[in-house]
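What follows is the residue order along each chain.
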Amino acid sequence: MDEENLHRKLSSLRKILERSGPFCRPDFEPSPESLKFLMQNCKILVVGAGGLGCECLKNLALMGFRQMEVIDMDVIDLSNLNRQFLFRHKDIGKSKAVTAAKFINDRIPGCNVTPHFCRIQDKEPEFYKQFHIILCGLDSIIARRWINSMLTSLLVYNDDQLDVSSVIPLIDGGTEGFKGNLRVILPGLTPCIECSLDLYPPQITYPLCTIANTPRLPEHCIEYVKVVQWPRENPFDCCIDGDDPQHITWIYEKSNDRALHFGIRGLTYRLVQGVIKNIIPAVASTNAIIASMCCTEVFKVATSCSASLNNYMVFSNTDGIYTFSYEAEKNENCLSCSHSIKEVPLKSLDVKLKEFIDILKYDNAFQLKNPSITAKISGKNKTLYVENIASLEEQTRQNLSKSLFELGISNQTDLIVADSTAPSTFTFKVKVSD
Amino acid sequence: MASPAPKSPEQSEKSRKYDRQLRLWNDHGQALLESAHICLINANALGTEIMKSLVLPGIGAFTIIDGHKVKDEDIGSNFFLDSDSLGKSRAQVTTQLLLEMNSDVRGDFIDEGPEQILNNSPDFFNNFSLVIACAMPEKSLVVLSRKLWELDIPLIACRTIGFVGHIRVQVKEHTVVETHPDNEKSDLRLDKPFEALKKHFDAIDLESMDLKDHSHTPYVIILYKYLEKWRSTYGGDMPKTYAEKEEFRQMLRAGIRKDEENVPLSEENFEEAIKAVNTCLSPTIVPSGVKEILNDNNCVNLNSKSTSFWIIAKAIRDFVENEGDGLLPQKGSLPDMVADTEKFVSLQQVYHKQAGLDVEAVWRRTLQLLRQLGKPSDSIPEKDVKLYCRHASELCVQRGTCIADEYDPKLLNVNEIVESLENPESFMVHYVMLRGVDKFIDEYNTYPGEFDDHVEPDIVKLKACISKLLGEWGCGPVVKDDYVHEFCRYGGAELHSVSATVGGLAAQEAVKFITHQYKPVNNTFIFDAVSCTGNTFFL
Ligand SMILES: [Zn+2]
């Protein structure tokens, strides 16, 4: 490409990066090197090629970034087309990551987006280590936590001092309807996702006794069909597939019967779909807003041309335009980014293993999903409980009703816990108060 | 089963494609969107980013007005241009590439600047639902804003320079029925139960219930019963002060059943009642904002041009003064609460039935008004009245100002500017800078700092523009030199990610205007990408 054309194309970015200004970060040095770094060396990983991911790839490409990779395990669905603008009707069923990367590379000459059509968990730490900045645009909290823990696990400490060169900044965005949020995380230095888990409200669940005995809402009827009637009647000889219209129709009809029977109003096909697939409303504009804010932050971190958001921003568009930023605080006992040993406070060692696991699952400080526990007792590893492998679950189930004392655990014992929210294990110790 | 389940609705391809947004503005919002025709002036990066967020959700049609030929600088910041488009009409290429995203949308373009069109075809704008103008020079923006103000067509003017964005909406009057508040208030009428509700309450005797029924009675009923008890001791009023409410909560706590050893049992419904004391025991009134709307001149004095919003508002006003007995129509919904199915559903039924009766009354009054106004009786469908009644306590009317007035020091809201500038955190300073940049462009025909070798001299010139402006407004020298330097550093740079943010924001405001759902910003929003936040002003 003609040098001069390229020079002119980048004129806006050059003004920002080659001129000094009174509001720049003190360590910013205006020079053509910044833009050269963005275009040649700066490697960005975009996690998720959905509503936010598509926008992010476009924004980054037009902010001068050329070396990008994108990872997403999903394929394109019809319902994505109202906002995921790199996809067309003919792309339905194809990989989001592959399709998005190709579109960007075709539209913007010199852009080099590499797609990865797989789960984030399929990649080794070595993969994540190669990036300068990671931009996360996911709707799953578990996946978000996993990436966060991956980045904290890559931190290097020398004599308890954090090696700053091992820090990979994480910019994380999320949207729901007309609302969104955005945070800038320097793992090990500033608060991480796990530091403030309470910012993510737990998913609404309905107690079984309500849906079975005292249903009041259409949602109760749908949940009942999902958790009781479907397994009992097994109409299609398989699990529920939220994308199969036959499945949704069956659930719609059964829950409609139930709603009619109880005199419950307001059940619609759309509601059934929403409950079964746990659908989050989404619209192009909110994704555009949050994704572009994320990319401005990536640009600032990569070039130091301006101070970064410090460190959390919430946004809502329902009543005028509302933005609010504040400094979330680091949790010194954070499961993920604190360098200290994680302690689980207990009243006594008489606590049963089942109760201990429930603490790990439901206590706000931990919120693990399916913890498997191994204890280090006199130098040997003893598997106490494994939830997600059926054969091991059966072998270890009897331990659930034993107390920690009976299992040989003391204040000294290292408890190694694996969980789907993190790529590597946690080491816990119990702390008996008295 | 009493009646067979209705056949599942066959979902159209369209409703599946738009499913995620239909959950936000529903089918009737989508229908409005699909019948809208939007005009975009200037398809720069900001302009196409706005259009992207309107084409994707499926607006009916758009027209792009842009007389520019594509330059390298455009290609570098605008996603809806490609390397082949150099030298071509910017209107044409962007129209083409925008349309690729959604085959439901129609689009055309005019390869001319807005100035020519305003001069040569003054009627051109008459039929648009909304006009969006990007980076428009001061003089033509003033003309356009007057024109659209006269035509009563909403205008959104916006631009970005460097890390700063500016959105200005201009609309004479905008009315919203569905504002979608974050915390919807329920309409329980504990202080003023309508007849059927009172009858329902009276038929229930908490004391004689067995434990199972007692702990499965909706808290609404519990609150009513204890309110009666309260009144029998203290007279007519509900508990008002903190101390009174606390005492009322004590009464509720004492009402929880106990076991043989006199230990209170766990009754979740009573716990809910105790929690609800603060929110549910306030008197039922017409909210002040709604009262204002019902007393508005447009409501009281209907005429042949009155919109259905105001006609139904008048019907509601008449309802409040007559069968409503001072209150709005009953909403007819009940939040979920601990209860068994029968007790919950039968209570819900009572509210729902009353809501139906109230809708009927308002509907009758609406028809009567339509007759008086000489309008056909089908010009307002009953379902609109129903929706209106359901949301009557959340109505919103916004009145704006004409952008052109901002450029007349006598009409500009200088107070807002001066007061905001007193706060060092306020982004009003950006607005002043942008207006200074306007003046600069008007005088020198370039952005300050546009050329590398002119940055220093432009700082001096821009400073002079700002002083002049502040002089015209009668303000002191309130803007720090740092900002003048910063804007000259920008040199009119359009950063793609900043334009994408402002584009998304502006598009969302457009969607609000078109669907008449959610409250738009009124009327100026300044975005600061350095802090990633913004401020709203009324100018
Ligand atoms: Zn942390």
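Residues numbered from 1 in each chain as written. Chains lettered and ligands numbered in written order. Predicted model: local features only at pLDDT ≥ 70, side-chain atom pairs only at ≥ 80, totals over all residues. Heavy atoms only, no water.

## So, the overall build of chain A
Phase 1: Scanning chain A from N- to C-terminus turns up 14 helices and 15 strands.
Phase 2: Over its C-alpha trace chain A gives a radius of gyration of 25 Å, about what one expects of a compact globule, namely 22 Å for 434 residues.
Phase 3: Residues counted as buried form 57% of the 434 residues belonging to chain A.
Phase 4: Restricting to contacts in chain A with at least 6 residues of sequence separation, those with at least 24 account for 60%.
Phase 5: Roughly 18,600 Å² of accessible area belongs to chain A as shown, and the carbon and sulfur atoms make up 50% of that amount.
Phase 6: In chain A, 47 positive and 51 negative side-chain charges are present, and the distance between their average locations comes to 3 Å. (Helix = DSSP H or I, 4+ residues; strand = E, 2+ residues; numbered from the N terminus. Rg over C-alpha atoms; globule rule 2.2 N^0.38 Å. Buried < 20%, exposed > 50% of the residue type's maximum accessible area, 1.4 Å probe, protein only. Contact = heavy atoms within 4.5 Å. Areas by Shrake-Rupley, 256 points an atom, 1.4 Å probe, with all protein chains shown as cover. Lys, Arg positive; Asp, Glu negative; His and termini not counted. Charge placed at Lys NZ, Arg CZ, Asp CG, Glu CD.)

## Quick look at the state of the cysteines
Phase 1: Scanning the model with the defined rule gives zero disulfides over all chains in all.
Phase 2: Take Cys54(A): it sits in no disulfide, and the sulfur closest to it among the cysteines is that of Cys56(A), at 9.4 Å.
Phase 3: Cysteine Cys134(B) remains unbridged, with the sulfur of Cys158(B) as its closest cysteine sulfur at 4.2 Å.
Phase 4: Relative accessible area serves as the criterion here: at 0%, Cys134(B) is assigned to the buried category. (Disulfide = S-S within 2.5 Å.)

## A look at the coordination of the zinc ion
Phase 1: Looking at the zinc ion, one finds its protein donor set to be Cys192(A) (SG), Cys195(A) (SG), Cys334(A) (SG) and Cys337(A) (SG), positioned 2.2 to 2.3 Å from the metal centre.
Phase 2: For the zinc ion, the four donor atoms are set out with angles of 97 to 122 degrees between them, so the coordination reads as tetrahedral. (Donors = N, O, S within 2.8 Å, 3.2 Å for Na, K, Ca; no water. Tetrahedral: all angles 85-135°; square planar, octahedral: opposite > 155°, others 65-115°.)

## Some remarks on the interface of chain B and chain A
Note: interface size is frequently given as the accessible area lost on complex formation between the parts.
Phase 1: At the junction of the two partners, chain B supplies 97 residues and chain A supplies 91 residues.
Phase 2: Between chain B and chain A, roughly 7,700 Å² of surface is buried when both sides are summed, and carbon and sulfur atoms account for 58% of that area.
Phase 3: Its largest share of buried area at the contact with chain A, chain B owes to Arg20(B), Phe79(B) and Arg489(B), together 12% of the area lost on that side.
Phase 4: Where chain B packs against chain A, one counts nine salt bridges.
Phase 5: At the surface where chain B touches chain A, the tally comes to 38 residue pairs in polar contact (both at pLDDT 80 or more).
Phase 6: The element best represented in the side of chain B that touches chain A is helix α23 (residues 496-515) of chain B, accounting for 10 residues. (Buried area = accessible area lost by both parts, 1.4 Å probe. Salt bridge = Lys/Arg side-chain N within 4 Å of Asp/Glu carboxyl O. Polar contact = N/O pair within 3.5 Å; in protein donor to acceptor, adjacent residues only side chain to side chain.)

## Comments concerning the packing of aromatic side chains
Phase 1: Going through the model one piece at a time under the given rule, you end up with 30 aromatic pairs over all chains.
Phase 2: Measuring from centroid to centroid gives 5.1 Å for Phe124(B) and Phe125(B), while their planes differ by 90 degrees, and the two rings are edge-to-face.
Phase 3: Taken together, the aromatic side chains of Phe85(A), Phe103(A), Phe79(B) and Phe80(B) make up a single cluster linked through ring pairs.
Phase 4: Directly above the ring of Phe127(A) sits Lys123(A), whose terminal nitrogen or CZ lies 4.8 Å from the centroid. (Phe/Tyr/Trp six-rings, centres within 6.5 Å; stacked < 30°, edge-to-face > 60°. Lys NZ or Arg CZ within 6 Å of the ring centre and 35° of its normal.)

## Overview of the UniProt feature "domain: E2 binding" (unreviewed entry) in chain A
Phase 1: UniProt tags residues 344-433 of chain A as "domain: E2 binding" (unreviewed entry).
Phase 2: Helix makes up 19% of residues 344-433 of chain A and strand 30%, with an end-to-end C-alpha separation of 10 Å. (UniProt positions renumbered as here; feature names shortened; annotations may be inferred.)

## Some remarks on empty space enclosed by the protein
Phase 1: Under the counting rule described, the total for this entry stands at three cavities of 30 Å³ or more.
Phase 2: Quantified by volume, the largest cavity comes out at close to 160 Å³.
Phase 3: Along the walls of the largest cavity sit 18 residues, with Lys9(A), Arg66(A), Ile108(A), Ile75(B) and Gly76(B) positioned nearest its centre.
Phase 4: Listing elements by their share of the lining of the largest cavity, those giving two or more residues are α1 (3-9) and α4 (51-62) of chain A together with α4 (72-77) of chain B.
Phase 5: Empty space within the second largest cavity amounts to approximately 140 Å³. (1 Å grid on protein atoms, 1.4 Å probe; cavity = no way out; pocket = protein on both sides within 12 Å on 5 of 7 lines; lining within 4 Å. Points joined across faces, edges and corners; volume = space filled by probe spheres on them.)

## With respect to the nonpolar core
Phase 1: Ranked by internal contacts, the top residues of the largest apolar core, which has 146 residues, are Phe65(A), Phe299(A), Leu54(B), Ile132(B), Ile156(B) and Trp473(B).
Phase 2: For this core, the element with the most residues is helix α12 (residues 284-303) of chain A, which contributes 11 residues.
Phase 3: Residue contacts for Ile132(B): discarding those within four places in its chain leaves Ile38(B), Cys39(B), Leu40(B), Ile41(B), Ile50(B), Leu54(B), Ile156(B) and Ala510(B).
Phase 4: Formed by 51 residues, the second largest nonpolar core is a distinct cluster that contains Leu190(B), Ala276(B), Leu334(B) and Met337(B). (Core = buried A, V, L, I, M, F, W, Y, C linked by side-chain atoms within 4.5 Å.)

## Side note on the sheet that holds strand β12 (residues 372-377) of chain A
All names here are of chain A.
Phase 1: One open sheet accounts for five strands, arranged β11-β15-β14-β12-β13; its pairing is mixed. Across the chains shown, the open sheet's two edge strands, defined by having one partner strand only, are β11 (342-346) and β13 (380-385). If you compare each strand with its neighbour and ignore which way they point, the axes differ by 35 degrees on average.
Phase 2: Here strand β14 (residues 414-418) pairs with strand β15 (residues 426-432) via three bridges, running antiparallel. In the strand pairing of β15, Val 417 is matched with Phe 426.
Phase 3: Packed on one face of the sheet, helix α13 (residues 353-362) meets β11, β12, β13, β14 and β15 and runs near 125 degrees to β11. (Pairing = 2+ DSSP bridges. Axes fitted to C-alpha atoms, helices over the stretch in contact; angles between N-to-C directions.)

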